[in-house]
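Close look at the chain arrangement
These are the residues of each chain, in order.
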Amino acid sequence: MIQENVVSRQELEQAISGFMLELGIPAHLRGYQYLRSAVEMCAEDMELVGSVTKLLYPDLAKMYQTTDQKIERAIRNAIEVSWERGNSSLFEQLFGYCNSWDNNRPTNSEYIATVADFIRLKYGLV
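What you see is a predicted model, and the numbers here were worked out from it, not measured in a lab. (Residues numbered from 1 in each chain as written. Predicted model: local features only at pLDDT ≥ 70, side-chain atom pairs only at ≥ 80, totals over all residues. Heavy atoms only, no water.)

Section: helix α6 (residues 108-122)
Its 15 residues give α6 an end-to-end C-alpha distance of 21 Å, which sits within 8% of 21 Å, the value for a rise of 1.5 Å per residue. Considered for burial, the residues of α6 that qualify are N108, Y111, I112, A113, V115, A116, I119 and R120. If you follow the buried residues of α6, they end up packed against α1 (9-22), α2 (30-44), α3 (52-64), α4 (68-85) and α5 (88-95). (Helix = DSSP H or I, 4+ residues; strand = E, 2+ residues; numbered from the N terminus. Expected span 1.5 Å × (residues − 1). Buried < 20%, exposed > 50% of the residue type's maximum accessible area, 1.4 Å probe, protein only. Contact = heavy atoms within 4.5 Å.)

Here you go:
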């Protein structure tokens, strides 16, 4: 018999926060909160990854009482900071390439989808 891994919302938030810090996203950035919420929402419903601009950003904008554009820009900034300062070996493990190579950073959608998928698999949310 396979036992399902049940994770509370608080445990999920802590796991995502810890992983984002490991990726090099400073917690003081506004995009950190937005990205954490985006990853959590996508980990619970991967359908959102296919509609980042039409569903995810508007939902986050309502949640944080701001605009879709500010959400997108803050997340992009957090990812850029992470990509410049983060853990190269972890990026290579997750994305197949790292920030020290001559590749561009992943898009917001790619980053959110990859981190959400990692969390889903690690915590048995599939």
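Further notes follow.
Let's talk about unusual backbone geometry
Notably, Q65 is not glycine yet its phi reads approximately 50°, a positive angle. In this structure, Q65 sits in the loop between α3 and α4. Exposure remark for Q65: the relative accessible area of 74% places this residue in the exposed category.

Considerations on the packing of aromatic side chains
For the structure shown, the criterion picks out six aromatic pairs. Plain terms: the ring middles of F19 and F118 are 4.5 Å apart, the flat faces sit at 10° to each other, and that makes the pair stacked. Residue F19 is found in helix α1, and its partner F118 is found in helix α6; the two are separated by 99 residues along the sequence. Note on F118: relative accessible area 24%, which makes it partly exposed. What links up through ring pairs into an aromatic cluster is the set W83, F91, F95 and Y111. (Phe/Tyr/Trp six-rings, centres within 6.5 Å; stacked < 30°, edge-to-face > 60°.)

Considerations on the pattern of salt bridges
Side-chain pairs of opposite charge can arise whenever the charged atoms involved come near each other. On inspection of all chains with the given rule, the structure shows four salt bridges. Across the pair E72 and R76 runs a salt bridge, and its minimum N-O distance is 2.9 Å. Linking E72 with R76, this pair stays in helix α4, spanning four residues, or about one helical turn. For R105, the salt bridge goes to E80, with nearest N and O atoms at 3.8 Å. You can see R105 sitting in the loop between α5 and α6 and its partner E80 sitting in helix α4, a full 25 residues away along the chain. (Salt bridge = Lys/Arg side-chain N within 4 Å of Asp/Glu carboxyl O.)

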